[in-house]
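So the chains spell out like this:
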Amino acid sequence: MRYISTRGETSPLSFQDAVITGLAPDGGLLLPEEIPDVRSRLGEWRELGFVDLALKILPLYIDDIPLEDLEPLVRSAYATFSHPEVVPLIPVGDINVVELFHGPTLAFKDVALQLLGQLFEYILSRRGEHLNILGATSGDTGSAAIYGVRGLPEIDIFVMFPDGRVSELQELQMTTVADANVHCLAVEGSFDDCQNLMKTLFADLPFKSTYRLGAVNSVNWARVLAQIVYYGYASLKLYAGAPVTFYVPTGNFGNVFAGYLAKRMGFPIERLVLATNENDILSAFFSTGVYQRGEVRFTVTPAMDIQVASNFERYLYYLLDEDSERLRRFMNDFSSTGRAVLDSPGRDEDFAAIAIGVEDTLSVIRRTYESHGYLLDPHTAVGLAAAEQIAAAGPKICLATAHPAKFPEAVNKAVGADVAHHAALELLRGLPTRRTVIPATLNAVRDFVANHARL
Ligand SMILES: *Cc1c(COP(=O)(O)O)cnc(C)c1O
């Protein structure tokens, strides 16, 4: 399988090159040259556990890592999950919740980042290369990325976060990791400062190549690929004649895009319902065909406080009939004016979309706890609210993207009692922490990376 860019100006890449490259050199996102059709295999796959199904799906997209090498990488990635089924399905009333949060940082990003870390290490060690990952986080992604690569010999990771502006738990999840290849930088500035510092360093090409800088951002193809597996797994578990509908709490469109690919592969999926918070640029697009940037609003679902969804371009490419020229025009309009319109708006039967406000989100948490004794995190609650409001002919599946104890303020407020706990998070409070405070200046970050990067 080779990988092509949505913008059509990059020669096709192997899987390994696609993983190491991340963003395509022409600025586009990488996609497989074709989407495998698995319909004839579904009967034999129905009984498989999550990891065994992953070992059927991933090789369809990875033809440059032999199965005997891939298998231990996949098994180690998911051995870090605390639930024997990895992603268990839990009935909550008439909705099935797939808990994607049993990984080490209690958020669904672990499903992808645990595997991405293993893939990076495999590829780098065979090439005799080292990589210094630089990232900026406002909270969640930083810890999931750190846990994906901690202790790996060929990788160092530098994570910048705004000092004093991430929650106590989020900071502890990063700074209590003792491995020497993990470097937490508390930047005296805002999250925007952190992101700008990162962008500026990546744009300095000599610095980037001297210090072998890399990224693990959400556009990496391997992250999307890893996420296809749980759509396949959950749809096969619940299929009994009628295809399933997924309700997906959405920010950067990475999660729901994996569902779109699973549907196109032939898994029994009726529809994907994209659930956003009040940052509703995506749900507005699906109802009007107009893609228009607004101001970011801060809500109780911070991982979804996003206006421009970095993975959306992948879906647009298919929506625009795989025509890179039309796609480039659309993206250029959007980046120059903050607004772009589909030239031939066609209804897409694969998707529905809805925006859920903060009040509804909190009320779903309270009602679900009262009626079913099941505690939702606010992101998952956005998905569940969508499932209550948008009908489906077959089984309803809501993806649970975080454990409620990661967002205790909103959850406890909704329920009116101190209920959001997890033993793994309580344990962090006693542990030693490591972090370096630096000013929000380019020189400070450069010096730190230059002094600590391994080459
Ligand atoms: C990242 C994240 C999301 C959004 O996922 P996307 O792939 O960006 O759409 C939703 N919920 C939680 C808890 C997350 O961490």
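Residues numbered from 1 in each chain as written. Predicted model: local features only at pLDDT ≥ 70, side-chain atom pairs only at ≥ 80, totals over all residues. Heavy atoms only, no water.

Undergrad: What should I look at first to understand helix α15 (residues 358-372) in this one?
TA: Helical geometry note: an α-helix holds 3.6 residues per turn, so side chains three or four residues apart project in the same direction. Taking 1.5 Å per residue as the helical rise, α15 with its 15 residues ought to reach 21 Å, and the 21 Å between its terminal C-alpha atoms agrees with that figure. Looking only at α15, the buried set comprises Thr-361, Leu-362, Ser-363, Val-364, Ile-365 and Thr-368. The elements touched by buried residues of α15 are β3 (89-92), α16 (378-389) and α17 (408-415). With its phi angle positive at about 65°, Gly-373 sits one or two positions after the end of α15. (Helix = DSSP H or I, 4+ residues; strand = E, 2+ residues; numbered from the N terminus. Expected span 1.5 Å × (residues − 1). Buried < 20%, exposed > 50% of the residue type's maximum accessible area, 1.4 Å probe, protein only. Contact = heavy atoms within 4.5 Å.)

Undergrad: Sorry, what's going on with the site of the ligand here?
TA: Of all residues adjacent to the ligand, which total 15 residues, the nearest are Lys-109, Gly-251, Asn-252, Asn-255 and Thr-401. Starting from 380 Å² of accessible surface for the ligand in isolation, the protein chains cover 96%. The residue makeup of the shell around the ligand, split by class, is six nonpolar, seven polar and two charged. (Near = heavy atom within 4 Å. Areas by Shrake-Rupley, 256 points an atom, 1.4 Å probe, with all protein chains shown as cover. Nonpolar A, V, L, I, M, F, W, Y, C, P; charged D, E, K, R; others polar.)

Undergrad: For this particular structure, what's the right way to read the sheet that holds strand β8 (residues 213-214)?
TA: The strands making up a sheet are joined through hydrogen bonds of the backbone, oriented either antiparallel or parallel. Within the open sheet, the five strands sit side by side as β8-β5-β6-β7-β15. Their pairing is parallel. Each edge of the sheet is formed by a strand with only one pairing partner; in this case those strands are β8 and β15 (436-439). In this structure, strand β5 (residues 131-136) lies alongside strand β6 (residues 155-162), joined through six bridges in parallel fashion. Directly across from Leu-134, in β6, lies its bridge partner Phe-158. With respect to the sheet, helix α5 (residues 109-127) is in contact with β5 and β6, its orientation differing from that of β6 by roughly 140°. In the packing of helix α6 (residues 140-149) onto the sheet, the strands contacted are β5, β6 and β7 (182-188), and the crossing angle to β6 comes to about 165°. (Pairing = 2+ DSSP bridges. Axes fitted to C-alpha atoms, helices over the stretch in contact; angles between N-to-C directions.)

Undergrad: What is the right way to read empty space enclosed by the protein from this model?
TA: Picture a little ball the size of a water molecule; that probe, rolled over the atoms, points out where space is still empty. Applying the stated criterion across every chain, the model contains one cavity of 30 Å³ or more. The wall of the largest cavity is formed by Thr-250, Gly-251, Thr-276, Asn-277, Asn-279, Ile-281, Leu-282, Met-304 and Ile-306. (1 Å grid on protein atoms, 1.4 Å probe; cavity = no way out; pocket = protein on both sides within 12 Å on 5 of 7 lines; lining within 4 Å. Points joined across faces, edges and corners; volume = space filled by probe spheres on them.)

Undergrad: Quick question: what am I supposed to make of the sheet that holds strand β4 (residues 95-99) here?
TA: Taking strand neighbours across the sheet as the criterion, the six strands line up as β3-β4-β14-β9-β10-β13 in an open arrangement whose pairing is mixed. With one partner strand each, in any of the chains shown, β3 and β13 (351-355) form the two edges of the open sheet. Between one strand and the next, the sheet's axes are offset by a mean angle of 25°, whatever the strand orientation. By the bridge criterion, five bridges tie strand β10 (residues 269-276) to β13 in an arrangement that is parallel. Bridge pairing in β13 links Leu-274 to Ala-353. Taken strand by strand, helix α11 (residues 254-265) contacts β9 (244-249), β10, β13 and β14 (396-400), and its axis lies near 170° from that of β10.

Undergrad: Would you mind going over unusual backbone geometry with me for this structure?
TA: The phi torsion of most residues other than glycine is negative, and most of the peptide bonds are trans. Residues other than glycine seldom take positive phi values, yet Val-86 does so here, at roughly 65°. Here Val-86 is to be found in the loop between α4 (67-79) and β3. Notably, Glu-322 is not glycine yet its phi reads approximately 55°, a positive angle. On the secondary structure map, Glu-322 appears in the loop between α13 (312-319) and α14 (324-337).

Undergrad: Would you explain the domain arrangement of the protein chain in this entry?
TA: One widely used convention gives an interface's size as the accessible area the parts lose upon coming together. The domain boundaries assigned to the protein chain delineate domain 1 (89-106 + 221-421) and domain 2 (130-217 + 422-455). Domain 1 and domain 2 are separated by 27 Å when their C-alpha centres are compared. Here domain 1 packs against domain 2, burying approximately 1000 Å² in sum over the two surfaces, 58% of which is carbon and sulfur. The largest per-residue losses of area from domain 1 upon contact with domain 2 belong to Thr-105, Arg-223 and Lys-406, which jointly make up 46% of the total buried on that side. Here domain 1 is connected to domain 2 by one salt bridge. The partner of Lys-406 in a salt bridge is Asp-140, and the shortest N-O contact between them spans 3.1 Å. (Domains from an automatic or database assignment. Buried area = accessible area lost by both parts, 1.4 Å probe. Salt bridge = Lys/Arg side-chain N within 4 Å of Asp/Glu carboxyl O.)

Undergrad: Is there a simple way to think about the packing of α15 against α17 in this case?
TA: Two packed helices can be described by the angle between their axes and the distance between those axes. Contact pair α15 / α17: the axes reach a minimum separation of 8 Å and the direction vectors enclose 60°. The hand of the α15/α17 crossing is right-handed. Where α15 approaches α17, its residues Leu-362, Ile-365, Arg-366 and Tyr-369 are matched on the opposing element by Ala-410, Val-411, Lys-413, Ala-414 and Val-415. Classifying every residue of the contact of α15 with α17 gives seven nonpolar, no polar and two charged. (Left-handed = near helix turned anticlockwise from the far one by under 90°.)

Undergrad: What's the story with helix α10 (residues 221-238) in this structure? I'm lost.
TA: Over its 18 residues, α10 extends 27 Å from the first C-alpha to the last, a length consistent with the 26 Å expected when each residue adds 1.5 Å. For α10, the tally of buried residues reaches 16 of 18 residues, placing the bulk of the element in the interior. Two or three places before Ala-222, at the start of α10, stands the capping residue Asn-220, its side-chain oxygen 3.0 Å from that residue's backbone nitrogen. (Polar contact = N/O pair within 3.5 Å; in protein donor to acceptor, adjacent residues only side chain to side chain.)

Undergrad: Just to check I follow, could you spell out the packing of α5 against α10 for this structure?
TA: It is at 8 Å that the axes of α5 and α10 come closest, and there the two elements cross at 125°. In this view, α5 runs oblique relative to α10, as classed from their interaxial angle. In this structure, the crossing between α5 and α10 has a hand that is right-handed. Of the residues in α10, those touching α5 at Lys-109, Val-111, Ala-112, Leu-113, Leu-115, Leu-116 and Leu-119 are Ala-222, Arg-223, Ala-226, Gln-227 and Tyr-230. (Parallel < 35°, antiparallel > 145°, perpendicular 65-115°, else oblique.)

Undergrad: What am I meant to see in the packing of aromatic side chains here?
TA: A ring pair, where both rings are aromatic, is described by two values, the distance of the centres and the angle of the planes. What the rule picks out here adds up to 32 aromatic pairs. Residues Tyr-61 and Trp-221 carry aromatic rings whose centres are separated by 5.7 Å and whose planes lie at 55° to one another, so their mutual orientation is tilted. Taken together, the positions of Tyr-61 in helix α3 (residues 50-61) and Trp-221 in helix α10 put the pair 160 residues apart, joining distant regions of the chain. The class of Tyr-61 is buried, set by a relative accessible area of 0%. (Phe/Tyr/Trp six-rings, centres within 6.5 Å; stacked < 30°, edge-to-face > 60°.)

Undergrad: How do you make sense of the nonpolar core when you look at a structure like this?
TA: Here is a general trend for soluble globular proteins: nonpolar side chains tend to be buried in one another's company. Membership of the largest hydrophobic core comes to 113 residues, with the highest contact counts inside it found for Tyr-78 and Phe-253. The dominant element in this core, judged by the number of residues it contributes, is α10, at twelve residues. When residues of this core are sorted by domain, at least three fall in each of domain 1 (89-106 + 221-421) and domain 2 (130-217 + 422-455). When sequence neighbours within four positions are dropped, the list of residues in contact with Phe-253 reads Leu-274, Leu-282, Phe-286, Ala-309, Asn-311, Phe-312, Tyr-315 and Phe-351. (Core = buried A, V, L, I, M, F, W, Y, C linked by side-chain atoms within 4.5 Å.)

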